[in-house]
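Structure at a glance
This is what each chain is made of:
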Amino acid sequence: MSSSPIIVWFRESLRLSDHPALYTAAQAGGPVVCSYIYDQESPELRPLGGATRWWLAQSLRALRAELQSLGSDLVIRRGPAAKVLGDLAAETKAAAVYWNDVAQSGPRAVADGVEAALGRIDVKTRVFADDLLVDPAEMRGKDGRGPRVFTPFWKRVLALGAPPKPLPTPVRLTPLAGLASLAVDELGLEPTKPDWAGGLRDAWRPGARAAQQRLTQFLETAVGSYAAERDRPDIEATSRLSPHLRFGEISPRQVFHAARFAAEERPALAKGIDKFLSEVGWREFSRHLLFNNPDLATRNLQPSFDAFPWIQNDAALAAWQRGQTGYPIVDAGLRELWHTGSMHNRVRMVVASLLVKHLLIDWRQGEQWFWDTLVDADPGSNPASWQWVAGSGADAAPYFRVFNPVLQGEKFDPQGAYVKRWVPELARLPAPLVHQPWAAKPLELAEAGVALGRSYPAPAVDHKLGRERALAAYARLRTSD
Ligand code: FAD
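Residues numbered from 1 in each chain as written. Predicted model: local features only at pLDDT ≥ 70, side-chain atom pairs only at ≥ 80, totals over all residues. Heavy atoms only, no water.

Turning our eyes to something else, we now look at the overall build of the protein chain. In terms of regular secondary structure, the protein chain is built from 21 helices and five strands. Relative to the 2.2 N^0.38 estimate, which gives 23 Å for 481 residues, the radius of gyration of the protein chain is 24 Å and therefore close to what a compact globule would have. For the protein chain, the C-alpha atoms occupy an extent of roughly 80 × 50 × 50 Å along the three principal directions. For the protein chain, with 481 residues in total, the buried portion stands at 55%. Counting every atom, the protein chain has about 20700 Å² of accessible surface; 54% of that belongs to carbon and sulfur. A gap of 2 Å separates the mean positions of the 57 positive and 53 negative side-chain charges of the protein chain. (Helix = DSSP H or I, 4+ residues; strand = E, 2+ residues; numbered from the N terminus. Rg over C-alpha atoms; globule rule 2.2 N^0.38 Å. Buried < 20%, exposed > 50% of the residue type's maximum accessible area, 1.4 Å probe, protein only. Areas by Shrake-Rupley, 256 points an atom, 1.4 Å probe, with all protein chains shown as cover. Lys, Arg positive; Asp, Glu negative; His and termini not counted. Charge placed at Lys NZ, Arg CZ, Asp CG, Glu CD.)

Below, the structure written as structure tokens:
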């Protein structure tokens, strides 16, 4: 049994259960120093957006409270991870630093720097696989390329068998007294002037406990109808686990095993559970794409798109960001995003399609907006999904599939409840018209209190014209191949 302290460097697994680095450090029996390094200086890391910064602050507070309930604490420091961890190891006379891997090139480069710095002062390191169901290096083909098509990828992941069973929370953590720590407030992660986070506070409860409760509740209720209703933004039919997974407040192994257990207990749920797990599979696929393409957020996976004639249109981009495009389902989604830091998956697809196809605005501008405003903004799923919609990605939607925002609204928000919630100026229009107010008669508009072009904008671009223009741009790209 070792009595020298071990430092556990918390990175993106902001939880105590199923935390391989923490569990192994606790087993060693000596003091465990739980640390979080807020690193804005290592150039390899993509700076967080506003909404994820807010989430991180709440998640760190929750983690600290949980550690304190075990008699421990969280030591928060700021600076380049290699320097700060080197200093902390020297200060605590730690024998080793343990952490969970983040299987991405930037975070791995930072971890390599940490390893080198600690090596110079004879401090050991141990790294544990964590944020994925399968090591992405294992899924590369003989040619060294990673997966490009989802269905065979997911079949292969499932064929590898269940991931390791989740580890328990350590029962006891021996702390090391007297270590200085920053307060979460001192990191300046949350908005103050103005404080725009009220909607986020109302919509979310960050932290590992809330994540477990959400998973349990979802498996007890909505999962049965998930396959049928997951595309409906007017119903709470999905798990809403994405920001929790993003910050590792819950591990994909925990989600996998809890879902499989629920399916064994109640076989009638199996269909919904398989569908749900395949969506978790899309997260996995996106992160494998990122692992193999570190510049996923900036480079077209299909190089033919490098010549795409994107249009720089700041006014149209700003109207899209504010939810003022004149397409109700699109505006509802963008306002939901601004208010709550999230948007339903189906609506994300429609909103993204309008930007890159009807407005011909580069998908990277949309990706950056989502990166800044989503609480689940994920370095893999966000760019992979944008490239999927744009048609430039792996296993992407074909470019010629241009969503019709009116039909999407009518199909997935049949009573218009979602639009009416987020675009209240249209709330008095009857259901079919709420998705296309320009089709209403003047009297119907007057009765609903809608003045098109004044209380609510006319469409930024006509659907038919937008579609034809997009297809023409795409055809030019094909002929220049
Ligand atoms: P559920 O339907 O309950 O699914 C369970 C989990 O599976 C999710 O929590 C998520 O981790 C994963 N998942 C579900 N759908 C997808 C998907 N299509 N791609 C990857 N993972 C998925 N998801 C993010 O987590 N972060 C992002 O930054 C992100 N950006 C997106 C951008 C665009 C343009 C689009 C079209 C989709 C994006 N998604 C992103 C995927 C998806 O919209 C969200 O994961 C989903 O809406 C989260 O809701 P949920 O947790 O209720 O999902």
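Having put the structure on the table, let's press on.
The next thing to look at is the sheet that holds strand β4 (residues 96-100). The strand order across the open sheet formed by five strands is β3-β2-β1-β4-β5, and the pairing between neighbours is parallel. Since the sheet does not close on itself, it has two edges, and those belong to β3 (74-78) and β5 (124-128), each with one partner. Between one strand axis and the next, the sheet turns through 25 degrees on average, direction left out of account. In the packing of helix α1 (residues 20-27) onto the sheet, the strands contacted are β1 (6-10), β2 (32-38), β4 and β5, and the crossing angle to β4 comes to about 150 degrees. (Pairing = 2+ DSSP bridges. Axes fitted to C-alpha atoms, helices over the stretch in contact; angles between N-to-C directions. Contact = heavy atoms within 4.5 Å.)

Per the stated rule, a full pass over the model turns up 21 aromatic pairs. Judged by centre distance (6.3 Å) and plane angle (15 degrees), the rings of Trp 320 and Phe 370 are stacked. Within this pair, whereas Trp 320 is found in helix α12 (residues 314-322), its partner Phe 370 is found in helix α15 (residues 363-373), the two being separated by 50 residues in sequence. A residue is classified by how much of its surface remains accessible, and Trp 320, at 0% relative accessible area, is buried. Since its relative accessible area comes to 2%, Phe 370 is described here as buried. Each member of the aromatic cluster is reached from another via a ring pair, and the members are Phe 150, Phe 153, Trp 154, Trp 282 and Phe 285. (Phe/Tyr/Trp six-rings, centres within 6.5 Å; stacked < 30°, edge-to-face > 60°.)

A few words on the pattern of salt bridges. In the structure shown here, the tally under the stated rule is 25 salt bridges. The partner of Arg 145 in a salt bridge is Asp 143, with the nearest N and O atoms 3.7 Å apart. With relative accessibility at 57%, the residue Asp 143 sits in the exposed group. Of the charged contacts, one joins Asp 234 and Arg 232 as a salt bridge, the two residues approaching to 2.8 Å between their closest N and O atoms. (Salt bridge = Lys/Arg side-chain N within 4 Å of Asp/Glu carboxyl O.)

The next subject is the layout of surface pockets. In this structure, the second largest pocket encloses a volume near 800 Å³. Lining the second largest pocket are 34 residues, and of these Glu 12, Leu 45, Arg 46, Leu 48 and Pro 107 sit closest to its centre. Mapped onto the lining of the second largest pocket, the elements with two or more residues apiece are β1, β2, α2 (50-69) and α4 (105-120). For the lining of the second largest pocket, the leading source of residues is α4, giving four residues. When the residues that make up the lining of the second largest pocket are grouped by side-chain class, the tally is 20 nonpolar, six polar and eight charged. When residues of the lining of the second largest pocket are assigned to domains, at least three fall in each of domain 1 (6-131) and domain 2 (132-163 + 206-292). (1 Å grid on protein atoms, 1.4 Å probe; cavity = no way out; pocket = protein on both sides within 12 Å on 5 of 7 lines; lining within 4 Å. Points joined across faces, edges and corners; volume = space filled by probe spheres on them. Nonpolar A, V, L, I, M, F, W, Y, C, P; charged D, E, K, R; others polar. Domains from an automatic or database assignment.)

With that settled, the discussion passes to the domain arrangement of the protein chain. Often the size quoted for an interface is simply the accessible area lost on bringing the parts together. In terms of domain boundaries, the protein chain breaks down into domain 1 (6-131), domain 2 (132-163 + 206-292) and domain 3 (303-480). Here domain 1 and domain 3 have C-alpha centroids that lie 39 Å from each other. Counting residues at the interface gives 10 residues for domain 1, matched by nine residues for domain 3. Of the roughly 740 Å² buried between domain 1 and domain 3 on both sides combined, carbon and sulfur atoms contribute 53%. The largest share of the area that domain 1 buries against domain 3 comes from Arg 46, Ala 51 and Thr 52, three residues that together contribute 61% of it. Across the contact surface, domain 1 and domain 3 share one salt bridge. Ionic pairing is found between Arg 46 and Glu 367, a salt bridge with its closest N-O pair at 2.9 Å. Classifying every residue of the side of domain 1 that touches domain 3 gives five nonpolar, four polar and one charged. (Buried area = accessible area lost by both parts, 1.4 Å probe.)

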